[in-house]
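The residues making up each chain are set out below.
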Amino acid sequence: DKGAYPFYMLKEVDEQPAVMRKLVQKYFDEDGKPTIDEELLKSMSEADHLYIVGAGTSYHAGLIGARIFEKLVGIPTSVHISSEFAYEQPLLSKKPFFIFLSQSGETADSREVLVNVNKNNWPSLTITNVDKSTLSREATFTELLYAGPEIAVASTKAYTAQIAVEAILAKALGEYMNKPVAGAFDVKHQLGLVANGMQSITDSKSILKDLSDKYLSKPRNAFYIGRGIDWSVSLEAALKLKEISYVQAEGFASGELKHGTIALIEKGTPVIGIITQDRTAGLTRSNLEETEARGANTLTIVSRHLAKDNDNIILPDVDELLSPLLSVVPAQLLAYYTSLGKGLDVDKPRNLAKSVTVQ
Ligand code: F6R
C-alpha cells in the first residue's frame, strides 16, 4: 500500500534510511560483529577471483561492490552483465566464486549463468530481496536485502541495500582473512551515518524538484559524469533518468568526454557531476567546466568536505567507499520529479516489466 504517496517509487526512495537501519540490525550482533555465515566466508576466502553477476540496476550495484571487495578483501573482483556472461563467458580463474545480485531473484539472464555455475560445481552466493526465489534456491548461499517489497519498476532501495550488504560482507570477509583495511572500516557506524544522510537528502525534495523542473524537463538528453566510484554511480543515475522520464541519459567517465562525446554538448545540455572522491574531485570539476564552456548547464552532487559555494546538492560526509549510498539518492529524486513533471506513470514506465523472466 502506498499510503499518502502518489507513487511507490517515492515511498521506496523514502524508505532507504529505514532499510539501512534494518540491515544494521539484521547483520550485526550485540558486540558490533557482522553475523555472516562462517561457511560462506570460508568458501569465499578460498577463491582467487570473485565474479559478480547481475542485470540493470543490480549490475550497477555490482560495480560498486567490486570496488569495495578489492579494497577491503584484496581478492580480484570483476563484474559482469548476466546476459553477456551467459553466452560469452570470459576466461575464468582457477578458483572462482560467484556472487549473483538480483532484487527479484528471478531474472532469467542471471539464472542462465547460475545453471552453468552449478554444472561446474563452482560455489555461489545470491544476494536478493526475495527469500526462496529461484536464484536463492539454486545458489550455494543466500544473503537477503531486507528491503521490503519493491513495487515501482525503477529499482531504488534494492540498489542501496545491495551495496550495503556487499559492504557488510566485504568487511566480514576482510576480517575473516585478517586484512587490516577491513578491520579499520567501521561499516556498522558508517551505515548509521548513511541512514541519517539519506534522511537529510530525502528531506530536501523541494530543491530537487526545482532543479528537475528547471534543467531536466525540456532537454532530450543529459549526462551524468564522474570518476571511479562516482562514474559507477553515474551509470545508475542515468539509468533512473532514462527509464522513467525518457530523457536519453548517459553515465560517463568524466575524463573520457573529451575523447569524443563532448561533441554532443550544446546549449542547455544538462551535465551533472558526481564528486565524492578526494583524488578526483578537481579533475571532474575541470571536466564540468569544459562542458560549461560549450553551453552545458552543469549541476553538481558533492560531498560536504569537497563542496564549494556554487555547488547544487551537498551530501553529508561518509566513508568514500560508501558515498554511492548517498550520491544516488538525489539522482533517484531528480529522475522521479522529471517523470512526474512530464505527467508520466512513474511506477510503470512504458515497455518495462518489474521482473524480466525471459532471456
Ligand atoms: C532498473 C531495474 C532493472 C533491474 C534488472 C534486474 O531500475 O529495476 O534494471 O535491476 O531487471 O532485476 P533483478 O535485480 O530483479 O535481477
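Structure first, text after, so check above.
Remember, predicted model here, so these are calculated numbers, not experimental data. (Residues numbered from 1 in each chain as written. Predicted model: local features only at pLDDT ≥ 70, side-chain atom pairs only at ≥ 80, totals over all residues. Heavy atoms only, no water.)

Student: Where do I start with the sheet that holds strand β4 (residues 124-128) in this structure?
Tutor: Pairing between sheet strands relies on hydrogen bonds along the backbone, with the strands arranged either parallel or antiparallel. Taking strand neighbours across the sheet as the criterion, the five strands line up as β2-β1-β3-β4-β5 in an open arrangement whose pairing is parallel. Because the sheet does not close on itself, it has two edges, and the strands there are β2 (77-81) and β5 (141-144). Each strand axis lies, on average, 20° off the axis of its neighbour in the sheet, ignoring direction. Pairing between strand β1 (residues 49-54) and strand β3 (residues 96-102): five bridges, direction parallel. Bridge pairing in β3 places Val 53 opposite Phe 100. Helix α8 (residues 157-176) contacts β1, β3, β4 and β5 of the sheet and is inclined by roughly 140° relative to β4. (Pairing = 2+ DSSP bridges. Helix = DSSP H or I, 4+ residues; strand = E, 2+ residues; numbered from the N terminus. Axes fitted to C-alpha atoms, helices over the stretch in contact; angles between N-to-C directions. Contact = heavy atoms within 4.5 Å.)

Student: How do you make sense of the packing of aromatic side chains when you look at a structure like this?
Tutor: How two aromatic rings sit relative to each other is set out by the distance from centre to centre and by the angle between their planes. Enumeration over the complete set of coordinates arrives at seven aromatic pairs. On the numbers, 5.9 Å between centres and 65° between planes, the contact of Tyr 27 with Tyr 146 is edge-to-face. Here the residue Tyr 27 occupies a position in helix α2 (residues 16-27), and Tyr 146 occupies one in the loop between β5 and α8, the gap between them amounting to 119 residues. In this structure Tyr 27 comes out as buried when scored by relative accessible area, which is 3%. (Phe/Tyr/Trp six-rings, centres within 6.5 Å; stacked < 30°, edge-to-face > 60°. Buried < 20%, exposed > 50% of the residue type's maximum accessible area, 1.4 Å probe, protein only.)

Student: I keep staring at the packing of helix α12 (residues 229-245) against helix α14 (residues 324-341) and nothing clicks. Help me out?
Tutor: Between two packed helices, the angle of one axis relative to the other and the distance separating the axes together describe the packing. Packing of α12 against α14 brings their axes to within 9 Å, and their N-to-C directions diverge by 20°. Considered as vectors, α12 and α14 are oriented roughly parallel to each other. Of the two possible hands of crossing, α12 and α14 adopt the one that is right-handed. Contacts from Ile 229, Val 233, Glu 236, Ala 237, Lys 240, Leu 241, Ile 244 and Ser 245 in α12 reach Pro 324, Ser 327, Val 328, Ala 331, Gln 332, Leu 334, Ala 335, Tyr 336, Thr 338 and Ser 339 in α14. Residue composition of the contact of α12 with α14, grouped by class: eleven nonpolar, five polar and two charged. (Parallel < 35°, antiparallel > 145°, perpendicular 65-115°, else oblique. Left-handed = near helix turned anticlockwise from the far one by under 90°. Nonpolar A, V, L, I, M, F, W, Y, C, P; charged D, E, K, R; others polar.)

Student: What is the right way to read the site of the ligand from this model?
Tutor: Lining the immediate surroundings of the ligand are 13 residues, of which Ser 58, Ser 102, Ser 104, Thr 107 and Glu 243 lie closest. Interatomic distance of 2.7 Å between a backbone N/O atom of Gln 103 and an oxygen atom of the ligand. At 2.9 Å, a backbone N or O of Ser 155 approaches an oxygen atom of the ligand. Among the cavities detected, the one that contains the ligand is the largest pocket. Secondary-structure elements contributing two or more residues to the shell around the ligand are α4 (56-72) and α12. Per-class residue counts for the shell around the ligand are three nonpolar, eight polar and two charged. (Near = heavy atom within 4 Å. Polar contact = N/O pair within 3.5 Å; in protein donor to acceptor, adjacent residues only side chain to side chain. 1 Å grid on protein atoms, 1.4 Å probe; cavity = no way out; pocket = protein on both sides within 12 Å on 5 of 7 lines; lining within 4 Å. Sits in = over half its atoms within 2 Å of the grid points.)

Student: What should I look at first to understand α8 in this one?
Tutor: An α-helix turns once per 3.6 residues; consequently, residues spaced three or four apart project the same way. The end-to-end C-alpha separation of α8 is 28 Å, in line with the 28 Å expected for 20 residues at 1.5 Å each. Most of α8 sits inside the fold, with 18 of its 20 residues counted as buried. (Expected span 1.5 Å × (residues − 1).)

Student: What's the story with unusual backbone geometry in this structure? I'm lost.
Tutor: Residues apart from glycine generally show negative phi values, whereas peptide bonds are mostly found in trans. In this structure, Lys 132 is a non-glycine residue whose phi angle is positive, near 65°. Tracing the backbone shows Lys 132 in the loop between β4 and α7 (134-138). Looking at Lys 132, the relative accessible area reads 58%, which means it is exposed. Non-glycine residue Tyr 246 carries a positive phi angle of around 65°. Mapping Tyr 246 onto the fold places it in the loop between α12 and β7 (248-253). Given a relative accessible area of 24%, Tyr 246 falls into the partly exposed group.

Student: So what exactly am I meant to see when it comes to the sheet that holds strand β9 (residues 297-303) here?
Tutor: Judged by pairing direction, the sheet is parallel, and its five strands sit side by side in the order β7-β6-β8-β9-β10 without closing on themselves. Edge positions in the sheet fall to β7 and β10 (313-315), since each has one partner strand and no second. If you compare each strand with its neighbour and ignore which way they point, the axes differ by 20° on average. Strand direction decides the pairing type here: strand β6 (residues 221-226) and β7, joined by six bridges, are parallel. Looking across to β7, one finds that Ile 225 is bridged to Phe 252.

Student: I would appreciate a short explanation of the pattern of salt bridges in the present structure.
Tutor: Oppositely charged side chains are able to pair whenever their charged atoms sit close together. Inspection of every chain in the model, using the stated rule, returns 13 salt bridges. One salt bridge connects Asp 14 with Lys 205, and the closest N-O pair in it is separated by 2.8 Å. Taken together, the positions of Asp 14 in helix α1 (residues 8-14) and Lys 205 in helix α11 (residues 205-216) put the pair 191 residues apart, joining distant regions of the chain. Judged on exposure class, the residue Asp 14 and its partner Lys 205 are both buried. Here Glu 15 ties to Lys 157 by a salt bridge, and the two come within 2.6 Å at their closest N and O atoms. One end of the pair, Glu 15, is in the loop between α1 and α2; the other, Lys 157, is in helix α8, with 142 residues separating them in the sequence. (Salt bridge = Lys/Arg side-chain N within 4 Å of Asp/Glu carboxyl O.)

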